[in-house]
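One-letter residues, chain by chain:
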Amino acid sequence: MSVLVYTEHTEGKFKKSAYEAVSYAKAVADLIGTSVTAVTIGTVAPADLATLGNYGATKVLHVSSEQFAQFINQAYASVIAAAATHVDANVVIIANTFSGKGLAPRVAAKLEAALADGAVELPQFEGDKLNIKKTAFSGKAFAITELTAPKKVIALNLNAFEVRESGGSAAVEEFKPEVPAGDFTAVIKDIIRITDKVPLPDAEIVVSAGRGLKGPENWAMIEELADVLGAATACSKPVSDAGWRPHSEHVGQTGIAVSPNLYIAIGISGAIQHLAGVSSSKTIVVINKDPEAPFFKVADYGIVGDAFEVVPKLTAAIKAYKGN
Amino acid sequence: MNILVCISNVPDTTSKITFSSDHTSPNTNGIQYIINPYDEIALAKAIDLTEGTDGKVVVINVGEAATEATIRKALAIGAHQAVRVDAVPRDAWFVAHQIAMYAKNNPFDIILTGRESIEYNGTQVAAYVGELLGIPSVSIAKRIDIEGDRAIVEREIEGGKEVLSIPLPLVVGAAEGVAEPRIPNMRGIMSARTKPLEVIQPTAVPELSHIVKYESPEPRGSVTLVSADDVEQLVDLLHNNARVI
Ligand SMILES: Cc1cc2nc3c(=O)[nH]c(=O)nc-3n(C[C@H](O)[C@H](O)[C@H](O)COP(=O)(O)OP(=O)(O)OC[C@H]3O[C@@H](n4cnc5c(N)ncnc54)[C@H](O)[C@@H]3O)c2cc1C
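K.L.:
Quick question: what am I supposed to make of the overall build of chain B here?
P.N.:
Counting secondary structure elements, chain B contains six helices and 13 strands. Its C-alpha atoms put chain B at 65 × 45 × 40 Å along the principal axes. Counting all 245 residues of chain B, 54% fall into the buried class. A fraction of 69% describes how many contacts in chain B between residues 6 or more apart in sequence connect residues 24 or more apart. Total accessible area computed for chain B in this model is approximately 10700 Å², and 50% of it derives from carbon and sulfur atoms. In chain B, which carries 21 positive and 32 negative side-chain charges, the distance between the mean positions of the two groups comes to 5 Å.

K.L.:
Even after reading the chapter, I still don't get the site of the ligand, so can you show me in this structure?
P.N.:
By nearness alone, 27 residues border the ligand, and A:Ser236, A:Thr254, A:Ser269, A:Gln273 and A:His274 come closest of all. Per-site note: the chains with residues close to the ligand are chains A and B. Within the side chain of A:Thr254, one N or O atom sits 2.7 Å away from a nitrogen atom of the ligand. Note that an oxygen atom of the ligand is positioned 2.7 Å from one of the backbone N or O atoms of A:Ser269. Compared with its free state, where it exposes 990 Å², the ligand has 78% of that area covered by protein. Residue assignment for the shell around the ligand shows that the elements contributing at least two residues are α6 (237-241), α7 (272-278) and α8 (307-323) of chain A. Of the residues assigned to the shell around the ligand, the class counts are six nonpolar, 15 polar and six charged.

K.L.:
Even after reading the chapter, I still don't get the pattern of salt bridges, so can you show me in this structure?
P.N.:
On inspection of all chains with the given rule, the structure shows 32 salt bridges over all chains. Note that A:Lys16 is salt-bridged to A:Glu204, the shortest N-O span being 3.4 Å. Placement of the pair is A:Lys16 in helix α1 (residues 16-32) and A:Glu204 in the loop between β13 (187-193) and β14 (205-209), with a sequence separation of 188 residues. The salt bridge partner of B:Arg155 is B:Glu162, with a shortest N-O separation of 2.9 Å. B:Glu162 shares its class with B:Arg155; the two are buried.

K.L.:
Can you help me understand helix α1 (residues 37-50) of chain B in this one?
P.N.:
Residues and elements named next belong to chain B. If you check α1, its first and last C-alpha atoms are 20 Å apart, about what 14 residues at 1.5 Å a residue would give, namely 20 Å. Counted residue by residue, α1 has twelve buried out of 14 residues, so it is predominantly covered. Taken residue by residue, α1 has Pro-37, Tyr-38, Asp-39, Glu-40, Ile-41, Ala-42, Leu-43, Ala-44, Lys-45, Ala-46, Ile-47 and Thr-50 as its buried positions. Immediately beyond the C-terminal end of α1, within one or two residues, lies Gly-52, with a positive phi of roughly 75°.

K.L.:
Would you mind going over the sheet that holds strand β16 (residues 262-266) of chain A with me for this structure?
P.N.:
Paired through backbone hydrogen bonds, the strands of a sheet run either parallel or antiparallel to each other. Spatial strand order, β15(A)-β14(A)-β16(A)-β17(A)-β18(A)-β13(B): six strands in an open sheet with parallel pairing. Single-partner strands in this sheet number two, and they are β15 (232-235) of chain A together with β13 (224-225) of chain B. Bridge count between strand β17 (residues 283-288) of chain A and strand β18 (residues 301-304) of chain A: four bridges; the pairing is parallel. In the sheet register, A:Ile287 faces β18(A), and the bridge partner there is A:Ile303. The strands touched by helix α5 (residues 220-229) of chain A within the sheet are β14, β15 and β16 of chain A, with β14(A) carrying the most contacts at an inclination of about 175°. Running at roughly 135° to β17(A), α8(A) makes contact with β16, β17 and β18 of chain A of the sheet.

Definitions and cut-offs
Residues numbered from 1 in each chain as written. Chains lettered and ligands numbered in written order. Predicted model: local features only at pLDDT ≥ 70, side-chain atom pairs only at ≥ 80, totals over all residues. Heavy atoms only, no water. Helix = DSSP H or I, 4+ residues; strand = E, 2+ residues; numbered from the N terminus. Buried < 20%, exposed > 50% of the residue type's maximum accessible area, 1.4 Å probe, protein only. Contact = heavy atoms within 4.5 Å. Areas by Shrake-Rupley, 256 points an atom, 1.4 Å probe, with all protein chains shown as cover. Lys, Arg positive; Asp, Glu negative; His and termini not counted. Charge placed at Lys NZ, Arg CZ, Asp CG, Glu CD. Near = heavy atom within 4 Å. Polar contact = N/O pair within 3.5 Å; in protein donor to acceptor, adjacent residues only side chain to side chain. Nonpolar A, V, L, I, M, F, W, Y, C, P; charged D, E, K, R; others polar. Salt bridge = Lys/Arg side-chain N within 4 Å of Asp/Glu carboxyl O. Expected span 1.5 Å × (residues − 1). Pairing = 2+ DSSP bridges. Axes fitted to C-alpha atoms, helices over the stretch in contact; angles between N-to-C directions.

What follows is the structure in structure tokens.
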């Protein structure tokens, strides 16, 4: 019995979601009195691998073979399942990133494990079973799910569990799993990275704007506010439908679900479909000129006013605060 | 080219989600059901790819008889035929088995799903079906093009995108950008009534998990309003009270 956590990285660097996953795996392992092994696929510097110990991993299985240099969903799933078998894991943790979402069901199927996707809390064990809370109805509800199969895969939502540092260092071990050649039929042709912006799914602060902004030419002030906060930008559906902003910024029930620490909604009315994707944000600020806008009902802080006046003032005030 | 499109029947996006008094099941009274919005994108893509060819679009739904209205709508939008696996769609694992079983017996070049259903948000079915059939899958695609016997699929990654070339057959979960959803026209609605809708029996699948209870999100406290002329107060609240900046 043990806990395995898959630690995703981008070009050799772990992201916060990987540290969250390891911290979560450690907390799960503590509940059942076992230890955590991390599995990392692709090139990462040994020193960086060892730092996973700081978040609770005892051991890191590193798959560095050139064959696995790029993320091929099928092959990576085979590696994770092989690692789970190798360390006799009964719980496997995967961060619910875009890639993680494609991996978790494949890993679960290979292990004949029960899968909880979108987990937002630690599980509760009852003998061989566990109960876990996951998001459902696009953020309009939670479902407490009982996983009864002997093996379990948990896909942990981003920003749902805090990073916990314990100061340890992990032993790194090379892992050479056998993976069927048929797993490598997909070929990556291109990767396009937008490096000058904070990615939306794992952002801690999101500045979002809606149709109240009137047109794409008015987004400069939104980007400036996002800039001073180190935030990602987002938008409502009609804004991306109209082509004012890219689809990748659309949040809500039919867009990306986000749960940042701070969500600032500017000129967005707060339709039920929009709220569904943002309601698990820890703090919500609404700026809208209409005091009756439904968004105020779910906001923590609000300013009734014209975005074109309030936003530049807010940006200046935050700049002044950060300057101190 | 033949395409299988997996359709789920979900509460309309405007639905307020409430539960039975013991919180073990969602209330269905007064809820309108629709084709899952992402599945509509998948369906539109399938029609775009086969229009003007002899390729066929088959929609499959795992559901009880009540979902037939949703299936007929998919036929009205342009699918050629439909299959309903007569069972409660217990969970993604169960549904994926039914789809994989059907696709094993009736091979397709592409199997399309929506990226997730708006009720359980699992993003599971595409990858499960791929795994069960031993073929590649992309769970969240923003673009799909066919070039000969390969699919060129663009998928989202945190902070960017990735372009893959994958041999057919494959399973893809469609997200926004893949196609514009289509609205059924009068001819489509008329012809949908006579298009074939086959009802098949489910295969047994061992249960691995089940939902024991639903919870609604904690209601937030009431909003603290700050004057538009005193944004400094907001900065102070965000720093000292909410501690988020
Ligand atoms: C199937 C379906 C799925 C959907 N999914 C989503 C989804 O995932 N995400 C989503 O966002 N929407 C979704 N919608 C759309 C949703 O119903 C709303 O139409 C949409 O969220 C409204 O966007 P908005 O708030 O930007 O625009 P509006 O509703 O037009 O609101 C604009 C707001 O700006 C305010 N405003 C105007 N001028 C100013 C100013 N100068 N300063 C300050 N405030 C100003 C107005 O008071 C108003 O509240 C969906 C709809 C359907 C039917």
